[in-house]
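Structural overview for review
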Amino acid sequence: MGNYVNLKEKAYDLIKNKIINLEFSPGDYLEEKKLSELLNVSRTPIREALARLEAELWVTNLPRKGIFVTRVDENMLNNIFEARKCFEPTILEMAFNNLSKIKLNIFRERFVIYETLSQEEKDKLDNDFHLYILNSVDNFFVQSMMVTTFEHVVRVRKLSFDKKLKTRISESNNEHIKVIDLILTGKKDEAVEAFRKHIEKSYIYYLGLLF
């Protein structure tokens, strides 16, 4: 039983990672037999992994057509950023007293040299900062609720990798530094509001970039 569960988890993780990293592109057809051969896993755990991925909106099951990698359309982007706008500012508020000044200053130093980083390093730094705030919340349910949303954000970033605008990249970097400075000086309400505005601007940016 344990080995079967491991195979199911293996199939789930491998397929999801290939979707996030665009090895399986939006709209790609996913055939169980080919996935089984590619991942060296039998078709039953593949099928169960796909059902879980469908529930998390990574794949779409179209009747009489099959399973396809979910496209990032305007509705998908709206849902991702609606969740972020509703919950991330509150998460910062909840995590505020748990945030380490040492770690925040390390993030700040990285954001100061942001322009010297590769685009992949910039995206990772951005994601790591938001995840650090999430992981600083002492609430398992809050963390679990947002994990899938953050993973979808990573795919959105990768889809826009070659379309990014330097002006917005610079603005986003300054917004991160502003949020960190407000946290470091103990200005919780101002930090939360600045974080909310940052997420709203990011939404408008990706909406214009992808659509």
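Throughout what follows, the structure given in this document is the object of discussion. These numbers were taken from a predicted model, which means no experiment stands behind them.

Secondary structure summary: the protein contains nine helices and three strands in total. Each helix and strand of the protein, placed in order from N terminus to C terminus, yields the pattern α-β-α-α-β-β-α-α-α-α-α-α. Across its three principal directions, the C-alpha atoms of the protein cover 55 × 40 × 30 Å. Burial status across the protein gives 44% buried among its 211 residues. In the protein, once contacts between residues fewer than 6 apart in sequence are set aside, the share between residues at least 24 apart is 74%. In the protein, 33 positive and 32 negative side-chain charges are present, and the distance between their average locations comes to 2 Å.

Let's shift gears to the sheet that holds strand E3 (residues 66-69). In spatial order, the strands read E1-E3-E2; together these three strands make up an open sheet with antiparallel pairing. Looking at which strands have only one partner, the edges of the open sheet turn out to be strand E1 (29-30) and strand E2 (59-62).

In this model, helix H6 (residues 119-135) (17 residues) spans 24 Å end to end at C-alpha, consistent with the 24 Å of a helix rising 1.5 Å per residue. For H6, the complete set of buried residues consists of Gln119, Lys122, Asp123, Leu125, Asp126, Asn127, Phe129, His130, Tyr132, Ile133 and Leu134. Those residues of H6 that are buried lie in contact with helix H4 (74-95), helix H5 (101-112), helix H7 (140-159), helix H8 (166-184) and helix H9 (188-210).

Our next topic: the nonpolar core. Core analysis: the largest hydrophobic core is formed by 43 residues, its most contacted members being Leu92, Leu99, Leu104, Phe111, Phe129, Ile133 and Ile183. Those elements that provide at least two residues to this core are H4, H5, H6, H7, H8 and H9. The element best represented in this core is H9, accounting for ten residues. Residues in contact with Leu104, not counting those within four places in the same chain, are Leu99, Phe129, Tyr132, Ile180, Ile183 and Leu184.

Our focus in this paragraph is the environment of Phe24. The topology assignment puts Phe24 in the loop between helix H1 (2-20) and E1. Take Phe24: its relative accessible area is 11%, and that puts it in the buried class. Sequence separation between Phe24 and Phe68 is 44 residues, and the spatial gap between their C-alpha atoms is 9.4 Å.

This brings us to the environment of Lys197. Counting through the fold element by element, Lys197 comes out in helix H9. Judged by its relative accessible area of 44%, Lys197 falls in the partly exposed class. Considering only alpha carbons, one finds Lys197 and Glu175, 22 residues apart in sequence, at a separation of 8.8 Å.

With that settled, consider the pairing of E2. Summarising the sheet, E2 and E3 pair through four bridges and their orientation is antiparallel. Across the sheet, the residue bridging to Asn61 is Ile67, located in E3. Between E2 and E3, which follow one another and run antiparallel, lie three residues, and Arg64 among them has a positive phi close to 65 degrees.

It is worth spelling out the side chain of Lys18 at this point. Residue placement: Lys18 occurs in helix H1. Taking the relative accessible area as the measure of exposure, Lys18 reaches 19% and is therefore buried. Filtering out sequence-adjacent residues up to four positions away, Lys18 remains in contact with Glu23, Phe24, Leu38 and Leu39.

Here we take up the pattern of salt bridges. Within the structure shown, the criterion is met by 16 salt bridges. Here Arg43 ties to Glu32 by a salt bridge, and the two come within 3.9 Å at their closest N and O atoms. In this pair, Arg43 is assigned in helix H3 (residues 43-55) and Glu32 in helix H2 (residues 32-39), connecting sequence segments eleven residues apart. Several salt bridges converge on common partners, so that one network encompasses Arg168, Glu171, Glu175 and Lys201.

Okay, the layout of surface pockets next. Over the atoms a probe the size of a water molecule is rolled, and this reveals where empty space is left. What the largest pocket holds in volume is close to 350 Å³. Surrounding the largest pocket, 15 residues form its lining, Ile20, Asn21, Asn127, Val154 and Lys158 being those nearest its centre. For the lining of the largest pocket, the secondary-structure elements that each account for two or more residues are H6 and H7. Among the elements that line the lining of the largest pocket, the one with the most residues is H7, at six residues. In the lining of the largest pocket, the residues fall into seven nonpolar, two polar and six charged.

Calculation notes
Residues numbered from 1 in each chain as written. Predicted model: local features only at pLDDT ≥ 70, side-chain atom pairs only at ≥ 80, totals over all residues. Heavy atoms only, no water. Helix = DSSP H or I, 4+ residues; strand = E, 2+ residues; numbered from the N terminus. Buried < 20%, exposed > 50% of the residue type's maximum accessible area, 1.4 Å probe, protein only. Contact = heavy atoms within 4.5 Å. Lys, Arg positive; Asp, Glu negative; His and termini not counted. Charge placed at Lys NZ, Arg CZ, Asp CG, Glu CD. Pairing = 2+ DSSP bridges. Expected span 1.5 Å × (residues − 1). Core = buried A, V, L, I, M, F, W, Y, C linked by side-chain atoms within 4.5 Å. Salt bridge = Lys/Arg side-chain N within 4 Å of Asp/Glu carboxyl O. 1 Å grid on protein atoms, 1.4 Å probe; cavity = no way out; pocket = protein on both sides within 12 Å on 5 of 7 lines; lining within 4 Å. Points joined across faces, edges and corners; volume = space filled by probe spheres on them. Nonpolar A, V, L, I, M, F, W, Y, C, P; charged D, E, K, R; others polar.

Worth remembering: the numbers are spatial, not functional.
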